[in-house]
Amino acid sequence: MRIISVTNQKGGCGKTTTAVNLSACLAANGKKVLLIDLDPQAHATLGLNIRAEACIYNVLSKISVKKTPLEGIIKKVTPGFDIAPSGIVLSTLEQELAGEIGRESRLWEVLQENKQLNRYDYLIIDLPPNLGILTVNAIRASSEIIIPVEASRFSLEGVNQLLKIIELIKDRLNHNVSYKILVTNFDSRLRHSFSMLDKIKESFKGNVFGTIIHVNVKLKEAQSYGTHILSYDKYSRGAKDYFTLSREMISGSVKTDTAADNKMASLDKRMKESITENMPRLKEVVFSMSFPEAKEVHVAGDFNRWQVSDNSRMSKNNGRWFKKMTLEPGAYHYRFVVDGTWMDDPENPRKETNPFGQTNSLLNIK
Ligand SMILES: Nc1ncnc2c1ncn2[C@@H]1O[C@H](COP(=O)(O)OP(=O)(O)O)[C@@H](O)[C@H]1O
Ligand SMILES: [Mg+2]
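This one's a predicted model, so the numbers in the text were calculated from it and none came from an experiment.

## Topic: the side chain of Asn304
So, point 1. One can find Asn304 in the loop between strand E9 (297-301) and strand E10 (315-317).
So, point 2. A distance of 2.9 Å separates the side chain of Asn304 from the backbone nitrogen of Gly301, its partner in a polar contact.
So, point 3. Setting aside residues no more than four positions away along its own chain, Asn304 makes contact with Val299, Ser312 and Met325.

This is the structure in structure tokens:
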């Protein structure tokens, strides 16, 4: 049985998304997986729409009135994928354990005592965004650590701080644990992402997963729909990425991202078919508008979540502004932002009133 913690003291770097979707993809490979939600905010539990009377607090606490064995709180998510849920009450555990001897090993003890856990191939532990007692307990209990790092917000200092803590725990508790960095939220439209990726690979050499998790809105949507990516949209980029990661975890081999063909070969047949079927469907569209006096123009719409950023900036040529995008077929709403002022596309007669009483321009890609 492999016990793997997903940790980083930074919030929002994809810990919960990774813990949930990697678990689902390992299960899709026929592995038996238990996801332990060790974050008092219970994002994994809530994100999988699990409602529980008792949670991991009732297992770890020695004074809980509802003391429950681990087996008593486990819930089924999908075939092969179980969860030990969390709840806000877990936030009191820290204080409760403060005076106890061996407080760093509470989770480890529980896992050791429970022989029935041997039915699982993988235990995946999701953690809060801090290096408190829960994280120390998880590292103590784990044989491996996944550190999700956002390419866009990578800080060498932050990861080094985390690695120092891991080293300290290894040393103090005489416990061996390996780690690997997982690059998440990778935006291949930004040149900046690639230079960050190079920096990460250079800093951590062999300790970086070959699989990279790209930005994919479906991952966010799945979470808000209360499910994981394989049941929300198994043909999405997010599903493909986490499925590839699960294969890399199982085979143990690190594929370099240039070996795209190898990656394809390791995907199962249905995944592969769906990808080749989906990829050529993307269409190139060019947005353009005439505004010779403008200094800066952006195009924002539901294809870029209405975000004005480096990604939405149009470039100027002979007084006209242009932006090339590659989009899936579908119906889109968009507006231009001319020197900070939002407007619809004056050259496109197809418009629709939005909830704010303004007009959005419409685009239909067949
Ligand atoms: N690859 C991704 N693409 C798009 N959104 C993502 C991706 N990974 C995570 N998110 C979203 O970002 C937010 C933070 O991710 P989460 O996994 O909860 O981070 P953490 O657990 O580290 O705090 C969530 O809303 C999640 O849905
Ligand atoms: Mg989280």
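## Quick look at the pattern of salt bridges
So, point 1. The final tally for this structure, using the stated rule, is twelve salt bridges.
So, point 2. A salt bridge links Glu150 to Arg153, with the shortest nitrogen-to-oxygen separation between them at 2.7 Å.
So, point 3. Arg153 sits in the partly exposed class, given a relative accessible area of 40%.
So, point 4. With a closest N to O distance of 3.2 Å, Arg313 and Glu296 form a salt bridge. Taken as a pair, Arg313 in the loop between E9 and E10 and Glu296 in the loop between strand E8 (283-290) and E9 lie far apart in primary sequence, 17 residues in all.
So, point 5. Residues joined by salt bridges that share partners form a network here, namely Glu296, Asp310 and Arg313.

## Details of helix H8 (residues 156-172)
So, point 1. Under the 1.5 Å per step criterion, the end-to-end length of H8 is 24 Å for 17 residues, consistent within 8% with the ideal 24 Å.
So, point 2. Of all the positions in H8, only Gly158, Val159, Leu162, Leu163, Ile166 and Ile169 are classed as buried. Projected onto a plane normal to the axis of H8, the buried residues spread over an arc of 130° and lie on a single side. H8 presents Glu157, Lys164, Asp171 and Arg172 as exposed residues on the side facing more than 90 degrees away from its buried surface.

## Notes on the sheet that holds E8
So, point 1. Taken in spatial order, the three strands make up an open sheet running E8-E11-E10, and their pairing is antiparallel. Two strands in the sheet have a free side with no partner beyond their single neighbour: E8 and E10. Strand-to-strand twist across the sheet, computed as the mean angle between neighbouring axes with direction ignored, equals 35°.
So, point 2. Bridge analysis of E10 against strand E11 (residues 320-327) gives three bridges, and the strand direction is antiparallel. Considered in E11, the bridge of Ser315 is made with Phe322.

## Focus on the site of ligand 1
So, point 1. Around ligand 1 lies a shell of 15 residues, among which Gly12, Thr16, Thr17, Asn216 and Gln223 are the nearest.
So, point 2. One nitrogen or oxygen atom from the side chain of Thr16 is found 2.9 Å from an oxygen atom belonging to ligand 1.
So, point 3. Between His214 and ligand 1, the recorded distance is 2.9 Å, taken from a backbone N or O atom to a nitrogen atom.
So, point 4. Burial of ligand 1 by the protein chains amounts to 86% of its free accessible area of 560 Å².
So, point 5. Looking at the shell around ligand 1, the elements that each hand over two or more residues are helix H1 (15-28) and helix H10 (217-224).
So, point 6. Grouping the amino acids of the shell around ligand 1 by side-chain chemistry returns four nonpolar, nine polar and two charged.

Cut-offs and rules
- Numbering of residues starts from 1 in each chain and follows the order in which that chain's sequence is written.
- Each chain is given a letter, starting from A, and each ligand a number, starting from 1, according to the order in which they appear as written.
- Residue-level local features of this predicted model are given only where pLDDT is at least 70; pairs of side-chain atoms are given and counted only at 80 or more, and the full residue set underlies all totals for whole chains, interfaces and linings.
- Computation of side-chain values: all heavy atoms of the structure, hydrogens and water removed.
- Think of it this way: any DSSP run of H or I at least four residues long counts as a helix, any run of E at least two long counts as a strand, and we number them from the N terminus.
- A 3.5 Å cut-off defines polar contacts: any pair of N or O atoms within that distance qualifies, except that in protein one atom must be a possible hydrogen donor and the other a possible acceptor, and neighbouring residues in sequence count only when both atoms are side-chain atoms.
- In what follows, residue pairs with any heavy atoms lying within 4.5 Å of each other are defined as contacts.
- Put simply, a salt bridge is a Lys or Arg side-chain nitrogen that is within 4 Å of an Asp or Glu carboxyl oxygen.
- For each residue, the accessible area found with a 1.4 Å probe, counting protein chains only, is set against the maximum for its type, and the residue is called buried under 20%, exposed over 50%, and partly exposed in between.
- Helices are assigned an expected span. That span is 1.5 Å times one less than the residue count.
- Throughout, the arc means the angular range of directions from the helix axis out to the C-beta atoms.
- Any two strands between which DSSP finds at least two bridges are classified as paired.
- Angles shown run from 0 to 180 degrees and are taken between the N-to-C directions of axes, each axis being a line fitted to C-alpha atoms and, for helices, limited to the stretch in contact.
- Distances are taken per atom, and a residue is near a molecule or strand as soon as one of its heavy atoms is within 4 Å of it.
- Computed by Shrake-Rupley with a 1.4 Å probe, the accessible areas treat only the displayed protein chains as cover when residues are assessed.
- The classification used treats Ala, Val, Leu, Ile, Met, Phe, Trp, Tyr, Cys and Pro as nonpolar, Asp, Glu, Lys and Arg as charged, and all other residues, Gly among them, as polar.

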